[in-house]
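Chain by chain, the residues:
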Amino acid sequence: MMFGKVRPSRMAQVALCVLGGLTIACADQAATRAVFGPFDILFWMKSFVLAGLLLIVFMAGERLIATLPDRTTESDSAASDSGGKSTVIRAMRCVSQGLAAHWLNNKLDRFDRLGLIPRLLICGAVIGICWMPVIVMLAPGTIWFDTGDQIAQFFGISAYGQPAGAISSHHPVLDTLVFGGAAWLGDTLTGNYQNGLIVYLAVQVAATILGLAALCLYVRHIGCGRAYGLLMLVFFSVFPAFPIFTMSIVKDSLHMVFLIPWLIMMAETVRTGLEALASRRFLAGLLVLSLGCALTTMTGLYITVLSLLALPVVAATRRRRLTALAAALGVALLAVVIFPAAVAGPLKVAKEDSNQILVVPMQMTARYALDHPHDITPAERRAVDTVNHVPFDHMASRYNPYLADPIIQYSLRDANGVPDYARAWVQMGLRHPDSYLIAFASLESGWFSFLRAPQYSTAPAVSLASLDRVAGQAIGNQMDLQIFNAYSKPFRQMPAYVENRAGQSAAHAWWNAWRSLPIIRILTFTSVWTFVLPLFLVYCRLGRAAASAEPAASGMRDGRAARRQSWFPFAVPLVWSLLSLLPNAISIPLKPTATRYMLWSLIMVPLLIGVLRADAVHPERLWRQKGV
């Protein structure tokens, strides 16, 4: 169907890029000045320039996905050579490139004839060899602040205000059990808790490498071709964020061990219309990995269960739909009821207030206190002061637009007052929604912006006037990674952690060098992974939907088959993961906390681009092949 000379899908793609440009421009304002305006001519020019750039890049990316060769051939190499100053030179180039392509294809043909395990080990060895310099630099591993608290609690040291011997549920209990258990085993068997952490870290590194290798093999299995599989392998091998993060002892790196194979199994489940669940081993593996994902981060539970609940829409039979539903409910029951009940007594788990749900609302209240300090009723003030440790009158002096910790952090003053606070919050928001909107935009701007304020301040207060003064010195909103050890006060009560400060400094310099490389540095911008590339996936899907509309309309596929072959179920984990970023207390990397919240995107986005690639060039392999 055509609209004039422009397809409606193309118009939708253009509109999407315009919306993307406006979003980035607004986010840049919020990330540099903590305000929306001014909406002057410069703002609109920037918005439409960004929209134009997005459209150009997205068009090129869409074409690349469709035209990337399945394999390098002699004819491809010869045809791609249009340069040279003479026929002889061109001929020599064609011959040399053809020979190189023939040699490469011969090696890859031999690789393809190997079994799954040898191919997995070879890909894993490539990644491991490329990671080795960073692994050596960061050995024996980076301890994070929160991890130190978890290990200390496992050894009976008080943390988070809990009595000695109790374990706080502020962080996932399974993580505390794994980190503390590894340290305890090291201490018990060798007399040094750090030896246990070293062994744990070695297992984590090996498991992550094998997971990434399996992902590269999987995208080829579904029909992406050799070229894209090799691109993914190169990316996972050389991008420093992967080994740096994997050498960290923190709950998010443990979560990644479960997440990568879980994504592969979820993709295979969708790809086969849930027929993969007919295998008991496959179903058992999916349940174990789902439970691991759900128990290793706070948001992992919601992402995992909600993604499993979306599976029945792609099932061809009622039996498969019921299997998927049972899997989702089983994971929820195990993660929410059975596991907490099993560990509560033996580990003396102290339940914390669920204050995370109030992080964004309380940050909005703090902005309200800054903008409208006198427009509050006594009942509303009392409701705020009852729930939060920081009273309303002190919020303006502690407000940091990019960090909610100074306002609300570990606990609530009185959780019983939440209903009254919720009513007061709604009433205040109806009077001045502008304060709420800019508070939310500022706090979450790092997921969408390319610029940020030059300040790295986590201080209790950052004034709007100080932001405005330095807005002209804005810097790139690039990822920040925890490379140096951070010791909490409880962890310092344990024997000293032996560190490799010189190696960590070298790894830090290596990461900074990557963040400075022309063109390649774009991969280190947070919003590329949390906004631009997800937007690109939507852009490509709009084009693919238009391309497949005509055969579907002509009866080549019935309605049920078309629904089964919808690309959206593949993207469900990404959608929920992106939404999980919004309740966070930080988005701009004033500290590495913000970056660890989004590193899963470096795994999910390449996988989904691979699905798009397979759908474009080999839909028969993506949709019709059953099993693994």
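Scroll up a little and you will see the structure.
Residues numbered from 1 in each chain as written. Predicted model: local features only at pLDDT ≥ 70, side-chain atom pairs only at ≥ 80, totals over all residues. Heavy atoms only, no water.

1. Examining the overall build of the protein chain
Argument step 1. What the protein chain contains, in helices and strands, is 27 helices and six strands.
Argument step 2. Expressed as a percentage of its 628 residues, the buried residues of the protein chain come to 51%.
Argument step 3. Partitioning the contacts of the protein chain with sequence separation of at least 6, the portion at a separation of at least 24 is 79%. (Helix = DSSP H or I, 4+ residues; strand = E, 2+ residues; numbered from the N terminus. Buried < 20%, exposed > 50% of the residue type's maximum accessible area, 1.4 Å probe, protein only. Contact = heavy atoms within 4.5 Å.)

2. What to know about the packing of aromatic side chains
Argument step 1. Evaluation of the coordinates by the stated rule reveals 23 aromatic pairs.
Argument step 2. Here the aromatic rings of Phe179 and Tyr200 are separated by 5.6 Å at their centres, their planes lie at 75°, and the arrangement is edge-to-face. Here the residue Phe179 occupies a position in helix α7 (residues 173-190), and Tyr200 occupies one in helix α8 (residues 193-221), the gap between them amounting to 21 residues. Judged on exposure class, the residue Phe179 and its partner Tyr200 are both buried. (Phe/Tyr/Trp six-rings, centres within 6.5 Å; stacked < 30°, edge-to-face > 60°.)

3. Some remarks on the layout of surface pockets
Argument step 1. Its volume calculated, the second largest pocket comes out at about 1,100 Å³.
Argument step 2. Lining the second largest pocket are 34 residues; nearest its centre among them are Ile522, Leu523, Val528, Leu533 and Ile609.
Argument step 3. The leading source of residues in the lining of the second largest pocket is helix α2 (residues 41-67), at eight residues. (1 Å grid on protein atoms, 1.4 Å probe; cavity = no way out; pocket = protein on both sides within 12 Å on 5 of 7 lines; lining within 4 Å. Points joined across faces, edges and corners; volume = space filled by probe spheres on them.)

4. Structural notes on the side chain of Ser168
Argument step 1. Among the secondary structure elements, Ser168 is positioned in strand β2 (residues 167-168).
Argument step 2. Within polar-contact distance, the side chain of Ser168 engages the backbone nitrogen of His170 at 3.0 Å.
Argument step 3. Sequence-distant contacts of Ser168, defined by excluding residues within four places in its chain, comprise Gln153, Tyr160, Gln162, Ala350 and Glu352. (Polar contact = N/O pair within 3.5 Å; in protein donor to acceptor, adjacent residues only side chain to side chain.)

5. Re empty space enclosed by the protein
In this approach, a probe sized like a water molecule rolls over the atoms, and the result shows the empty space that is left.
Argument step 1. Evaluated as defined, the whole model comprises five cavities of 30 Å³ or more.
Argument step 2. Counted as a void, the largest cavity has a volume near 90 Å³.
Argument step 3. Among the elements of the structure, α11 (251-271), α24 (568-580) and α26 (601-617) are those that each provide at least two residues to the lining of the largest cavity.
Argument step 4. Among the residues making up the lining of the largest cavity, the classes are represented as twelve nonpolar, no polar and no charged. (Nonpolar A, V, L, I, M, F, W, Y, C, P; charged D, E, K, R; others polar.)

6. Thoughts on the nonpolar core
Argument step 1. Formed by 132 residues in total, the largest nonpolar core has its most connected members in Phe236 and Leu602.
Argument step 2. Residue contributions to this core peak at 13 residues, all from α8.
Argument step 3. Mapped onto the domain boundaries, this core takes at least three residues apiece from domain 1 (113-249 + 481-501 + 510-524) and domain 2 (251-349).
Argument step 4. Setting aside anything within four residues of it in sequence, one finds Leu602 in contact with Phe235, Phe236, Phe239, Ala241, Phe242, Met479 and Trp529.
Argument step 5. Grouped together as the second largest cluster of nonpolar side chains are 25 residues, Val384, Met428, Tyr436 and Ala585 included. (Core = buried A, V, L, I, M, F, W, Y, C linked by side-chain atoms within 4.5 Å. Domains from an automatic or database assignment.)

7. Some words on the packing of α11 against α24
Argument step 1. Running from amino to carboxyl end, α11 crosses α24 at an angle of 150°, the nearest separation of the two axes being 9 Å. Taken together, the axis directions place α11 and α24 in an arrangement best described as roughly antiparallel. The handedness of the crossing between α11 and α24 is right-handed. Two secondary-structure elements touch here, α11 through Trp262, Leu263, Ala267, Val270 and Arg271 and α24 through Pro569, Phe570 and Pro573. (Axes fitted to C-alpha atoms, helices over the stretch in contact; angles between N-to-C directions. Parallel < 35°, antiparallel > 145°, perpendicular 65-115°, else oblique. Left-handed = near helix turned anticlockwise from the far one by under 90°.)

8. A word on helix α5 (residues 116-138)
Argument step 1. Along its 23 residues, α5 runs 31 Å from first to last C-alpha, staying within 8% of the 33 Å computed at 1.5 Å per residue.
Argument step 2. Those residues of α5 lying buried are Leu120, Cys123, Gly124, Ile127, Gly128, Trp131, Val134, Ile135 and Leu138. (Expected span 1.5 Å × (residues − 1).)

9. Details of the pattern of salt bridges
Argument step 1. Applying the stated criterion to the full structure yields twelve salt bridges.
Argument step 2. Linking Lys591 and Asp405 is a salt bridge whose minimum nitrogen-to-oxygen distance equals 3.1 Å. Highlighted residues: Lys591 in the loop between α24 and α25 (593-596) and Asp405 in the loop between α17 (392-398) and α18 (418-431), separated in sequence by 186 residues.
Argument step 3. Since its relative accessible area comes to 26%, Lys591 is described here as partly exposed.
Argument step 4. Several salt bridges converge on common partners, so that one network encompasses Asp375, Glu380 and Arg431. (Salt bridge = Lys/Arg side-chain N within 4 Å of Asp/Glu carboxyl O.)

10. Some points on the side chain of Ser253
Argument step 1. On the secondary structure map, Ser253 appears in helix α11.
Argument step 2. Leave out the neighbours within four places in its chain, and Ser253 touches Gln204, Phe245 and Ser248.

11. Regarding unusual backbone geometry
Argument step 1. Of the consecutive residues Gly37 and Pro38, the connecting peptide bond is found in the cis state with omega at 0°.
Argument step 2. Within the secondary structure, Pro38 sits in the loop between α1 (8-33) and α2.
Argument step 3. Each neighbour pair has its own omega, and for Ala139 with Pro140 the value is 10°, a cis peptide bond.
Argument step 4. Positive phi, normally seen in glycine, also occurs at Lys348, with a value near 55°.
Argument step 5. Inspection of the secondary structure puts Lys348 in the loop between α14 (318-344) and β4 (349-350).
Argument step 6. Positioned with a positive phi, Ile519 is a non-glycine residue whose angle comes to about 65°.

12. Some remarks on α8
For an α-helix the count is 3.6 residues per turn, leaving residues at separations of three or four pointing the same way.
Argument step 1. Under the 1.5 Å per step criterion, the end-to-end length of α8 is 42 Å for 29 residues, consistent within 8% with the ideal 42 Å.
Argument step 2. The N-terminus of α8 is capped by Asn192, whose side-chain oxygen sits 2.9 Å from the backbone nitrogen of Gln194.
Argument step 3. Taken from the residues just after α8, Gly223 is the one with a positive phi, measuring 110°.

13. Here's the deal with the environment of Leu291
Argument step 1. Mapped onto the elements of the fold, Leu291 is located in helix α12 (residues 280-296).
Argument step 2. When the C-alpha positions of Leu291 and Leu334 are compared, they lie 7.5 Å apart, and in sequence the two are 43 residues distant.
Argument step 3. Excluding anything up to four places from it in sequence, Leu291 contacts Val331, Leu334 and Ala335.

14. Things to note about the environment of Ala422
Argument step 1. As for its placement among the helices and strands, Ala422 is situated in helix α18.
Argument step 2. Once the C-alpha coordinates of Ala422 and Ala383 are considered, the two residues, 39 residues apart in sequence, prove to be 8.5 Å apart.

15. Some details on a nonpolar patch on the surface
Argument step 1. On the surface, a nonpolar cluster with roughly 880 Å² of combined accessible area is contributed by Tyr302, Leu306, Leu309, Leu322, Leu325, Leu329, Phe568, Val575, Trp576 and Leu579.
Argument step 2. Among the elements of the structure, α13 (298-309), α14 and α24 are those that each provide at least two residues to the nonpolar patch.
Argument step 3. If you tally residues by element for the nonpolar patch, the top one is α24, at four residues.
Argument step 4. Position of Phe568 relative to the elements: it lies in helix α24. (Patch = residues over 30% accessible without salt bridge, like charges linked within 9 Å, V, L, I, M, F, W, Y side chains within 5 Å. Areas by Shrake-Rupley, 256 points an atom, 1.4 Å probe, with all protein chains shown as cover.)

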